[in-house]
Amino acid sequence: MNKQKALIIIKPDGVQRGLIGKIVTRFEQVGLKIIGLKFEMAGENRVIAHYPETDVWFKKVGERTLTNYAKKGLDAKVVFNTDDPVQIGRTVKKWLITYFQESPVLIMALEGYDCIEIVRKLSGNTIPLLATCGTIRGDFSHDTIDLANEQNRPLRNIIHASDTVEDGEKEVNLWFTKEELFSYELAGEKFMYKV
Ligand code: GDP
């Protein structure tokens, strides 16, 4: 079985709240290997390339809002002037581009067996209100979809974590050059087994 790679970004709200150390620790303490680490301002084009420019992705994001609004009896047209999930997703992506450039971000490439499943487990649900206690988003944030939308901004949910094996590879290669990625052995690595 192959090791997987995942990209973690501590987004501007995580950096602004001084959570870098606590968050990096969560990934280190489960035994994932940090193979790349840097702190920088995210360029606009990098953020545009990072989030897919596809109807599938826009729809996924838009439907998150619509599902939430259906539960709360809210009308998407009030904020978005539409209830088309693709259009809603496009608007959220625009908000993400601005948000990512609020302050520096911490960018980390991780490697490990089943790394993607592990980073998503540690991160918790995209919507902080729904993220389980013990996860990064559950422990450090409490934002909700309707408040974020009303304020014309993305959910402030502290981190990005790659969602699929393919995205992990793509995102690590988008944010890091080959020279910025390192190959080394963790203490006791050869005795580590799959968790
Ligand atoms: P992730 O992989 O868990 O980060 O989730 P997505 O890739 O689906 O969404 C990217 C980011 O967009 C999320 O982390 C949120 O910051 C933001 N976001 C997603 N859906 C919504 C939404 O419906 N409304 C708002 N305001 N922000 C959203």
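Calculation criteria
Residues numbered from 1 in each chain as written. Predicted model: local features only at pLDDT ≥ 70, side-chain atom pairs only at ≥ 80, totals over all residues. Heavy atoms only, no water. Helix = DSSP H or I, 4+ residues; strand = E, 2+ residues; numbered from the N terminus. Rg over C-alpha atoms; globule rule 2.2 N^0.38 Å. Buried < 20%, exposed > 50% of the residue type's maximum accessible area, 1.4 Å probe, protein only. Contact = heavy atoms within 4.5 Å. Lys, Arg positive; Asp, Glu negative; His and termini not counted. Charge placed at Lys NZ, Arg CZ, Asp CG, Glu CD. Phe/Tyr/Trp six-rings, centres within 6.5 Å; stacked < 30°, edge-to-face > 60°. Near = heavy atom within 4 Å. Polar contact = N/O pair within 3.5 Å; in protein donor to acceptor, adjacent residues only side chain to side chain. Areas by Shrake-Rupley, 256 points an atom, 1.4 Å probe, with all protein chains shown as cover. Nonpolar A, V, L, I, M, F, W, Y, C, P; charged D, E, K, R; others polar. Pairing = 2+ DSSP bridges.

1. Examining the overall build of the protein
For the protein, the count of helices and strands is 10 helices and four strands. In the protein, the succession of helices and strands from N to C terminus is β-α-α-β-α-α-α-α-β-α-α-α-β-α. Over its C-alpha atoms the protein spans a radius of gyration of 17 Å, differing by no more than 12% from the 16 Å that the globule rule assigns to 195 residues. With respect to the principal axes defined by its C-alpha atoms, the protein has extents near 55 × 35 × 35 Å. When burial is assessed residue by residue, the protein has 49% of its 195 residues classed as buried. Within the protein, contacts between residues separated by at least 24 positions form 76% of all contacts whose residues are at least 6 apart in sequence. Distance from the positive charge centre (27 side chains) to the negative charge centre (27 side chains) of the protein: 2 Å.

2. Some points on the packing of aromatic side chains
Working definition: an aromatic ring pair is given by the centre-to-centre distance plus the angle between the planes. For the coordinates displayed, the defined rule picks out five aromatic pairs. Here Tyr51 and Trp57 contribute two aromatic rings whose centre-to-centre distance is 5.3 Å and whose plane-to-plane angle is 35°, an arrangement assigned as tilted. In this structure Tyr51 comes out as buried when scored by relative accessible area, which is 8%. For Trp57, a relative accessible area of 12% translates into the label buried. Plain terms: the ring middles of Tyr51 and Phe100 are 5.8 Å apart, the flat faces sit at 80° to each other, and that makes the pair edge-to-face. Of this pair, Tyr51 sits in the loop between α3 (44–50) and α4 (55–72) while Phe100 is found in the loop between α6 (85–99) and β3 (105–112), placing the two residues 49 residues apart along the sequence. Among the aromatic residues, those joined into a cluster by ring pairs are Tyr51, Trp57, Phe58, Tyr99 and Phe100.

3. Brief notes about the site of the ligand
What surrounds the ligand is a group of 20 residues, the closest being Thr65, Thr126, Asn149, Leu155 and Asn157. In this structure, an oxygen atom belonging to the ligand sits 2.9 Å away from a main-chain N or O atom of Leu155. Summarising the interface, the protein chains cover 98% of the accessible area of the ligand, which totals 550 Å² for the free molecule. A class-by-class count of the residues in the shell around the ligand yields 10 nonpolar, four polar and six charged.

4. Overview of the pairing of β3
When you tally the buried positions in β3, you get eight out of eight residues, the bulk of the element. The side-chain alternation of β3 yields two buried faces, one formed by Val105, Ile107, Ala109 and Glu111 and the other by Leu106, Met108, Leu110 and Gly112. Both strand β1 (residues 4–10) and β3 contribute to a ladder of seven bridges, which runs antiparallel. Of the residues in β3, the one forming a bridge with Ile8 is Met108. Of the pairings in the sheet, the one linking strand β2 (residues 33–40) to β3 comprises seven bridges and is antiparallel in character. From the neighbouring strand, Ile34 faces β3, where its bridge partner is Leu110.

5. Observations regarding the side chain of Asn149
Considering the arrangement of structural elements, one finds Asn149 in helix α9 (residues 145–150). The exposure class of Asn149 is buried, given its relative accessible area of 4%. A polar side-chain atom of Asn149 sits 3.1 Å from a polar atom in the side chain of Tyr69.

Everything listed is a geometric property; what it means functionally is a separate question.
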